Structures are given as structure tokens and as C-alpha cells.
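Topology and contacts: notes
These are the residues of each chain, in order.
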Amino acid sequence: MQTTRTFDGIPVKITYKKIKHSYLRVTREGEVTLSVPRGTKDAYLMSVLEKRADWIHEKVRMAEARTPAAFHYASGEQFPFFGENVTLAIERGAGRARAELSGSTLVLRLPLVAEDDFPRRRKLVLSFVSDALKQKIAERLPLWEARVGRRASSVTVRSMKTRWGSCTPKSGAIRLNFHLAAYPLACLDYVIVHELTHLWVAGHGADFWGRVGAVLPNWKQTRRLLSRLPRCPLA
């Protein structure tokens, strides 16, 4: 059973489960969730939240600070691209619509139009970023497959809100978050290794993290980097 309560002006999603202990979590997006044993009284719920009030507010504040402003895909706007800022520039003229990276500028070459062409600009940028990420994955995946000792049956890129990647151990299929294109390549490497390791171990126990650490000794620092950097404004 699920319900939502308000604590200090913050919505908290309460889930009653067949568990022995309570688990409090604040997602990267700032959503506060609390899982509790079935039959837990309201007074206990509030006591759990009150004890962690400072922590909850800090996590929510950090999530809000990471939330990017709306992106309009207009000249002069910037977005992160593998850890560096790229500036968008729009040029209009004859020829087909295309996106070209020139140094730290992504140039959108578009035909002359009178109407707003936001959908076309957005599609060009997202396609360019997605293709660039797929290229990086193709270049780096064989290295990490060799080191982890497992090969993925397929790797796809998709936009995900709460995960950097996912894996289906039975089929060997791996999915990576489109927004990894915004972060330094070390972050992409960490997520690739993380998901490949699930082809050895399904859960996140000591064996799993031991295998990750054997391949990437600094994985904790990289994971913290992923959690602290601002979110990519592209959507």
C-alpha cells in the first residue's frame, strides 16, 4: 500500500511493505520515499522523518540546485558534453538540416523558415548527442568487456529518469542512459563496468562491489561525481 504525506512542506511517498526495518531515501530528482513495515503507526513515521529532517532538507536542496532551467535549443545556450561545455549556434541558409561540432560549438545548419522550428532544432541536437554517445560506447565497450570478463549481447541508449543504466543478466542486454553523454568519460566507463558486472552477479552485495573495485579501484569517487554534477538540460 502507498500513500503520500507532507513533512515540513515536502511530499513524502510512504510505502508499506512486508519488511522488518524502515528505509528512507531521497532520489536524485529530490523525491523523498520511506518504506516501512506493514502496520506502522503515523507517530513512528513522523519520528523517523523528524530524526532525519536536516538530511532530508539538504538532499532536496541539492536536487533542486541540480535541476536545470528549460532548454530552448537557441543560439548561445550551453549544455555539457562529455564533461565540457558546448555552445549552440544556429546558421540558416540553403542545404539540408544538419548538426556539426566545431571546437566547443555545435552548429545547427538550418533552412530559412518563417515558423518556429523548435522541434527540428531539438531533434538535431538530441540525435547528434545520442550518436556521439553510441560512438563512445562502441569504442570503450570492448576494453571493459575484456577486463570484466563478460560480454553484453546488446547495448542500447535510452533516456532514463532514475537510473544510469540497467542490465538483464538472463539475456545479457544492457541499457545506458542517454544523459551519460553530458558527463566525463570516467562516468560512462563506471556505468559500463557496473552493468557488465551484473552479468557475473545480479545483486549489489560484497561480491558485486569487489568485482567492480578490481576493475575500477576509484569507482566510489566516480559515482559521487555522477550524483553531484548538475543534470543535463537536454530533454
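These remarks concern the structure in this document. Remember, it's a predicted structure, so these values are computed and weren't measured experimentally.

Here we come to the overall build of the protein. A count of helices and strands for the protein gives six helices and eleven strands. Along the first, second and third principal axes, the C-alpha set of the protein runs to 70 × 45 × 30 Å. When contacts within the protein are restricted to residue pairs at least 6 apart in sequence, those whose partners lie at least 24 apart make up 45%. Computed over 39 positive and 21 negative side-chain charges, the inter-centroid distance for the protein is 8 Å.

Turning to the nonpolar core, a few remarks are in order. Generally speaking, a soluble globular protein has its nonpolar side chains buried in company with each other. Counting residues in hydrophobic clusters, the biggest one holds 48 residues, and the most contacted among them are F79, V125, L196 and L234. Secondary structure elements with two or more residues in this core: β5 (78-81), β6 (84-92), β8 (105-110), α3 (118-148), β11 (173-177), α4 (185-197), α5 (206-215) and α6 (219-228). The element best represented in this core is α3, accounting for ten residues. Every residue in contact with F79, bar those within four places of it in the chain, is listed here: F71, E84, N85, V86, L88, L106, V125, V129, P233 and L234. V36, L49, A53 and I56 belong to the second largest nonpolar core, which has 16 residues in total.

Now for the packing of α4 against α5. In a pair of packed helices, the angle between the axes and the distance between the axes together describe the arrangement. Close contact between α4 and α5 brings their axes to 10 Å; oriented N to C, the two are set at 140 degrees. When the axis of α4 is compared with that of α5, the two are oblique. Considering only the axes of α4 and α5, their crossing is right-handed. When α4 is examined against α5, the residues Y190, V193, H194 and T197 are found in contact with a partner set consisting of F208, W209, R211, V212 and V215. Classifying every residue of the contact of α4 with α5 gives six nonpolar, two polar and one charged.

What follows concerns α4. For an α-helix, the turn length of 3.6 residues means that residues three or four places apart are oriented alike. Over its 13 residues, α4 extends 18 Å from the first C-alpha to the last, a length consistent with the 18 Å expected when each residue adds 1.5 Å. Counting buried residues in α4 gives eleven out of 13 residues, a clear majority hidden from the surface. Within α4 the residues assigned to the buried category are C187, L188, D189, Y190, V191, I192, V193, H194, E195, L196 and T197. Where α4 is buried, its residues meet α3, β10 (165-168), β11, α5 and α6.

A full pass over the atoms with the stated rule returns ten salt bridges. We note a salt bridge from K13 to E31, for which the minimum N-O separation is 3.2 Å. On the criterion of sequence distance, the pair formed by K13 in strand β2 (residues 10-17) and E31 in the loop between β3 (23-26) and β4 (32-37) is long-range, its members being 18 residues apart. What makes E31 partly exposed here is its relative accessible area of 36%. E100 serves as the salt-bridge partner of R109, at 2.8 Å between the closest nitrogen and oxygen. For R109, a relative accessible area of 25% translates into the label partly exposed.

What counts, and at which threshold
- Residues numbered from 1 in each chain as written.
- Predicted model: local features only at pLDDT ≥ 70, side-chain atom pairs only at ≥ 80, totals over all residues.
- Heavy atoms only, no water.
- Helix = DSSP H or I, 4+ residues; strand = E, 2+ residues; numbered from the N terminus.
- Contact = heavy atoms within 4.5 Å.
- Lys, Arg positive; Asp, Glu negative; His and termini not counted.
- Charge placed at Lys NZ, Arg CZ, Asp CG, Glu CD.
- Core = buried A, V, L, I, M, F, W, Y, C linked by side-chain atoms within 4.5 Å.
- Buried < 20%, exposed > 50% of the residue type's maximum accessible area, 1.4 Å probe, protein only.
- Axes fitted to C-alpha atoms, helices over the stretch in contact; angles between N-to-C directions.
- Parallel < 35°, antiparallel > 145°, perpendicular 65-115°, else oblique.
- Left-handed = near helix turned anticlockwise from the far one by under 90°.
- Nonpolar A, V, L, I, M, F, W, Y, C, P; charged D, E, K, R; others polar.
- Expected span 1.5 Å × (residues − 1).
- Salt bridge = Lys/Arg side-chain N within 4 Å of Asp/Glu carboxyl O.

Geometry only, nothing functional implied.
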